Amino acid sequence: MKQFVRFAVAVGVGLLCVSCSSARVVETMPGRGGSIALPSRTSSGARNQATQMMAENCPGGAFEIIREGEAIVGARTSGPVAASRITRGNVGVSVGSAGTTRQETEWRLDYRCSSIVAE
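Residues numbered from 1 in each chain as written. Predicted model: local features only at pLDDT ≥ 70, side-chain atom pairs only at ≥ 80, totals over all residues. Heavy atoms only, no water.

Any chance you could explain the sheet that holds strand β2 (residues 33-38) here in plain terms?
Pairing between the strands of a sheet comes from backbone hydrogen bonds, and it takes one of two forms, parallel or antiparallel. Taken in spatial order, the four strands make up an open sheet running β1-β2-β6-β3, and their pairing is antiparallel. Looking at the sheet topology across the chains shown, the edges are occupied by β1 (24-29) and β3 (63-78). Direction aside, the axes of adjacent strands within the sheet are offset by 20 degrees on average. Of the pairings in the sheet, the one linking β2 to strand β6 (residues 100-113) comprises six bridges and is antiparallel in character. In the sheet register, Ser35 faces β6, and the bridge partner there is Asp110. (Pairing = 2+ DSSP bridges. Helix = DSSP H or I, 4+ residues; strand = E, 2+ residues; numbered from the N terminus. Axes fitted to C-alpha atoms, helices over the stretch in contact; angles between N-to-C directions.)

It is not clear to me how the pattern of salt bridges should be interpreted in this structure. Could you clarify?
Pairing is possible between side chains of opposite charge, provided their charged atoms come close. Applying the stated criterion across every chain yields a total of seven salt bridges. Put simply, Glu68 and Arg47 hold a salt bridge, and the shortest N to O gap is 2.6 Å. With Glu68 in strand β3 and Arg47 in helix α2 (residues 44-57), the pair connects residues that are 21 residues apart, well separated along the chain. Ionic pairing is found between Glu104 and Arg76, a salt bridge with its closest N-O pair at 3.1 Å. With Glu104 in strand β6 and Arg76 in strand β3, this residue pair connects regions lying 28 residues apart in the sequence. (Salt bridge = Lys/Arg side-chain N within 4 Å of Asp/Glu carboxyl O.)

Would you mind showing me how to read the side chain of Asn57 here?
Within the fold, Asn57 resides in helix α2. Discounting chain neighbours no more than four positions away, the residues touching Asn57 are Thr28, Met29, Pro30, Gly31, Arg32, Gly33, Tyr111 and Cys113. (Contact = heavy atoms within 4.5 Å.)

Explain the state of the cysteines here, please?
Each disulfide consists of a covalent bond between the sulfur atoms of two cysteine residues. A full pass over the atoms with the stated rule returns one disulfide. For Cys58, the disulfide goes to Cys113, at an S-S distance of 2.2 Å. The sign of the -80 degrees torsion about the S-S bond sets the Cys58-Cys113 disulfide as left-handed. Residue Cys58 is located in the loop between α2 and β3, and its partner Cys113 is located in strand β6; the two are separated by 55 residues in the primary sequence. (Disulfide = S-S within 2.5 Å.)

Right, dumping it as structure tokens:
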């Protein structure tokens, strides 16, 4: 019974790791190209998955990566956020302080199908 539990835990952890390193389609133009997002530049599992996704979209599996790099997809603010408004007569002044804001990024691969390049 203990071996079964260990096996089940190992499979569960393995599935979590696979989902953490998966590629996703951001934009696709069937048979023409598109954009794939990776969780990080160094994720080889996600890179392999992205290569397969690009090949499946392109006739004959031939494609060319035309741009690769980090893309900003949002921002995250952490820490205390405070704001107050001081009003004197008809004049109002807003005073505030914010925590730390950092950009959220992902790695993007923009590609086009090689049959499009030859046209």
